[in-house]
Amino acid sequence: MADQSLGKRIQFGIWSDGPVPAEELELRLKEHGQQAMILTADRDTLVDCFVVLTRNRPTAAQRAVLTRLANRATVTIAAERSGPAPEEPGGWPRDVTLEWNGQISELTTLAADLMNLVRPTGPVFSRLPKLQPIDEPLPGTDVAASREVLVETLSGEVRPRVVPVARALWNELRENRKAVSRTDYSLRRLAGWAAEPGSRAFVNVRLSRREDLTSSLTRPVSLTHVMGDPQTRPLVMLLGEPSAGKSLQLRYYDAFAALRHLELRSDAEQVPPTFYVALADQPARPNISLDWLRQRWGATVDVGRWCDFGVFLEDGGTVLLDGLNEGGVRGLEPEQWMSQWRDVIQELFERGAGKVVVSCRTRDQAVQMNVPRDREPTKVTILPLSREEIIAIATEREVGMARRLDRAFTRDPGLIELYSSPVRLQSYLGSGAPWVATTSTRLFGVELSAAIVREWSHDVPQRKPIPGRQASTLETIAQSNRDPWPVLETIPLIRGLGQLAKELSLPASPNGKARLAMSPGDAGEFLARAIRQVDDRPVTPQEALETAKDLHVLWLDQDKIRFTHPSVQHLFAAIGCTLEELAGLAEQERERALQDGADPAPAAPPSYAHHRYDELFQFAAQRRGVEVPDRLLAVDPVLAARVFIAIGRDVPDDAIRDRIVASLRAQLDKIFVPPVRAGILAALGDLGWSLPAAGEGGRGATMLVPGRRWTLGRPADPATDERNVHSEARDIELAPFRIARFPVSNAEYATFVEDGGYEDQSLWPPEGWEWRTRQRAQQKFVAGWQRRQARLQRDHPARTIQLLREGKATPAGAAALVRFAKMTEGEMFAYARALQEQPLTAPRFWQRKPLRNRLQPVVGVSWFEANAFCAWLSRRIGAVVRLPSESEWEAACLHSWGVTGTTEIDDKLVPGFANTRDRQWSATTPIGAFATLSQARRNLAVEMLGNVFEWVFDYYSPGDHNRRIVKGGSWRHDNWRAHPAYRGRGDVDSQNEDLGFRYVIAEGLA
């Protein structure tokens, strides 16, 4: 099987039916630094991207050449006048088709579109063969009419791009029958993927692995790569935000594993490598057990003729569990639901399972899934689509829409986040809209309108549930930038779907379970009845149900009717609920949370205060405006804040916002439970509220530390050698000084960035400016890494093995050390170039969503950046501003806890006193979440322990000017480091995601 992965540089191979277009396109690509070459029939070269320029329909001989060359490429792009699809006469295999009018002058634009499609991170499209059902054999086309021929085609030397499959065989593979052999099972999985609507895109998304520090910054890390890594642990957690594409990732890996099994061409019967299970298929009364998984297996495989579930596990099969966050809508608490599944996963491993992959929303993981044998899982997170990926995917679908998105993102970068979800992007691209939607509700409305117009024009029997007048109006609206929802909500079918979604989404009783799905008969009757309540024209249950399915709102899954996606269900439920029903639901959820205790799940990142119906409320607010947050304010101010923000940027009245802020601030003065405060503060930050800041003349921004004698540090303790990293015990007299009550927040630091702090050389010391502008950065970076590598190699691998045995390194961390020990100088320079292509203009993690709330502490700042900020603030307020010394920092920390000596503070540091690793939160908390009542009432410094390490001025060791002291512990480290005497260290150019600072303001003018 030919290697079809991308190389380090993009390479374009060009074929044309005339020499001039190929030469001109080659020239334009090379002008932009791209590798490009012209391919001919006798030039059998492997290329990353095969581009075909045609002015005329290819001849049969040319199609044969194109098919052979296409099968030697990673991605194939056809640039042509509107031509035949690959499966039509005159067609040939390609991934993407772009329109080209044949004019040489248009090749500059075409070159730009090609570079948008194939970014340095690679194409975003599925690399699996497309099984194409064919009704009639095409001249010159080999059609797979039997399983044997299909397997032979799929397992050839070169993986095919498109495989024509006889309609009879296709229907047989798609029938709801049980697999009777290994080949049958694999073919059915592959055919199921080919039938998946999103199978040709949204696959090669970027995954991040925190522990893999030496992985390439440009090549995407896919689930396939993760599963093929020998260092990957038995349990893999696939995390991502709602609509990030978690299910599609698992389905893709399931199909990829099926293809690899077919490619092995083994005559022996083998168990399938993967078994995909959607946890959404759990019944309303959950049955969380190995028996339920066995039942699901038995519904897929004929265990009497082939392989039972026990054999699958014993032979090391991989189980893919999709949707660990599905428990909430079934009335089970997340901790209960996930704990029970953790026990089932442990049992899977005990029965022999080789790997288990579990998908879950990032914010919803409520318990640690440390199995088997209490081992932490390998965690990978699906990153949101970047701007480049969005444009690439849009270009593949329709170049005009891609260009509109590109222009809209330039005008309003905030829209990138809206379209960074594959599901929402798919909605926009499927609509064909000539304008760009600015809210998720509007975006889904555009897609739904397009589907209605399409069905109305093509499908006469479906006209009863969709009156012609509304369909005609929607067709007119589609050509303008108007909101379609006022018309959509008058359509009886849409209103009926709103009632159905409400019935399936909301619990039947307080603390009860939601139904989630219905039988086709019940769903059809319910929908027809709901339509008849608003429209007197007769509609049969079958008509209503089939129309909703044709609009891709409902679908039949495992003999149950469901909405096509949870987001679609929540959108229609928002349409179906009255304002009072929304308020009642919010009250139920609030009471449910209070009954369960105010402390949310320990693994839930505190910046994402949320509950199971967040999306429903936000859709309702986007449809109805400020009346929704206004009504919710009396029930749940944090929820009111979130749905207010969801309305968008064009809220006409700030009065609601001001009332929400006032209500949240009143709660903040009374509540001192850290997780609850974190939710309140996150909401305040999202609403634009700021902490007092010295640069803005805010009262309460600093704390006066009195002049006196302080007992600092801690003596060494031979019993805890590994923890003897404290400042020395000492009594010291300090003059009074003022220190910031808060670590510098994102909001405060943003003022420095916006004021040109990164461009003003006078704020930076010479070595700091050299570092910021990357002068000689690559050489210094590599030299530093080579020194570290030399130290590692002196006792490698013995030291790595020792770290593993002592539990001081994870297997993945040890693997990273092994890779680091073997890195060549060239690989180090390549990594350095990827890191340091541009001068710094902001902190390293400035755009990382879990860390960017305006009330979270700024992180990813080096010692140089912290000092430049101090110089800027000093100039702004006319007083000397600097980093504190270590002694000043320790004294201020003790004063904030009401003590004068280090030994006195230990009794005050009760469990949970700070955001440290024992909390198991995967982000910083908004500043003040862990403030005590005394600190808040007396205007003392807060959170000097935990959350983020803070730079101080002092050298870590005499003579080492490249390393400074950091204090206070952080969310990523054990709580013993969150102690005033603990002395950490950091290179002056370190930009860690748990590293911030606060400042001292000297008395008197500068």
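Data block above holds the structure.
Procedures and definitions
Residues numbered from 1 in each chain as written. Predicted model: local features only at pLDDT ≥ 70, side-chain atom pairs only at ≥ 80, totals over all residues. Heavy atoms only, no water. Helix = DSSP H or I, 4+ residues; strand = E, 2+ residues; numbered from the N terminus. Contact = heavy atoms within 4.5 Å. Areas by Shrake-Rupley, 256 points an atom, 1.4 Å probe, with all protein chains shown as cover. Pairing = 2+ DSSP bridges. Expected span 1.5 Å × (residues − 1). Buried < 20%, exposed > 50% of the residue type's maximum accessible area, 1.4 Å probe, protein only. Axes fitted to C-alpha atoms, helices over the stretch in contact; angles between N-to-C directions. Core = buried A, V, L, I, M, F, W, Y, C linked by side-chain atoms within 4.5 Å. Polar contact = N/O pair within 3.5 Å; in protein donor to acceptor, adjacent residues only side chain to side chain.

Peer 1: Quick question: what am I supposed to make of the overall build of the protein here?
Peer 2: Scanning the protein from N- to C-terminus turns up 38 helices and 25 strands. In the protein, 72% of the contacts between residues at least 6 apart in sequence involve partners at least 24 apart. Only carbon and sulfur atoms are counted for the fraction: they give 48% of the accessible area of the protein, which is about 42400 Å².

Peer 1: Can you help me understand the sheet that holds strand β24 (residues 995-996) in this one?
Peer 2: The strands that make up a sheet are held in pairs by hydrogen bonds between backbone atoms, and each pair lies either parallel or antiparallel. One open sheet accounts for four strands, arranged β23-β22-β21-β24; its pairing is mixed. Edge positions in the open sheet fall to β23 (984-987) and β24, since each of these has one partner strand only. When strand β22 (residues 963-967) meets β23, the two strands line up antiparallel, connected through four bridges. From the neighbouring strand, I965 faces β23, where its bridge partner is R985.

Peer 1: Can you help me understand helix α6 (residues 182-195) in this one?
Peer 2: Each α-helix turn comprises 3.6 residues. Residues three or four places apart therefore point the same way. Taking 1.5 Å of rise per residue, the 14 residues of α6 would be expected to cover 20 Å, and the 20 Å separating its terminal C-alpha atoms lies within 8% of that figure. Across the 14 residues that make up α6, a large majority, eleven, are buried. Here α6 has its buried residues at R182, D184, Y185, S186, L187, R188, R189, L190, A191, W193 and A194. Each element contacted by the buried residues of α6 is listed here: β6 (130-134), α4 (147-154), α5 (167-174), α8 (246-264), β10 (274-278) and α9 (290-300).

Peer 1: What exactly am I supposed to notice about the sheet that holds strand β1 (residues 11-16) here?
Peer 2: Pairing is parallel across the open sheet formed by five strands, whose spatial order is β2-β1-β3-β4-β5. Because the sheet does not close on itself, it has two edges, and the strands there are β2 (35-38) and β5 (96-99). Within the sheet, the average angular offset between the axes of one strand and its neighbour, ignoring direction, is 25°. When strand β4 (residues 73-80) meets β5, the two strands line up parallel, connected through four bridges. Bridge pairing in β5 places A79 opposite L98.

Peer 1: What exactly am I supposed to notice about the nonpolar core here?
Peer 2: Buried together is how nonpolar side chains tend to be arranged in soluble globular proteins. If you look at the biggest cluster of nonpolar residues, it comprises 84 residues, and the most contacted ones within it are I452, L497, L554, F563 and F572. Those residues in contact with L497, other than ones at most four positions away along the chain, are L527, A548, V553, L554, F563 and F572.

Peer 1: Sorry, what's going on with the environment of T395 here?
Peer 2: By the element assignment, T395 lies in helix α12 (residues 387-397). On the basis of relative accessible area, T395 is assigned to the buried category, the value being 1%. Sequence separation between T395 and L405 is ten residues; the distance between their C-alpha atoms is 10.0 Å. Other than its neighbours up to four places away in sequence, T395 contacts L98, D113, N116, L117 and A402.

Peer 1: How should I be thinking about the pairing of strand β14 (residues 554-557) in this particular structure?
Peer 2: Looking along a regular strand, one sees side chains alternate from face to face of the sheet. Bridging between β14 and strand β15 (residues 560-563) involves four bridges; their strand directions are antiparallel. Along β15, the bridge assignment pairs D557 with K560. Hairpin connection, β14 to β15: the antiparallel pair is bridged by two residues, and Q558 has positive phi, about 50°.

Peer 1: Please clarify how the side chain of R730 should be interpreted in this entry.
Peer 2: Tracing the backbone through its elements, the reader meets R730 in strand β18 (residues 730-734). With a relative accessible area of 16%, R730 lands in the buried category. Looking at R730, its side chain comes within polar contact range of the side chain of S727, at 3.2 Å. At 3.4 Å, the side chain of R730 forms a polar contact with the side chain of E890. Setting aside chain neighbours within four positions, we find R730 in contact with W710, T711, L712, G713, E886, S887 and E890.

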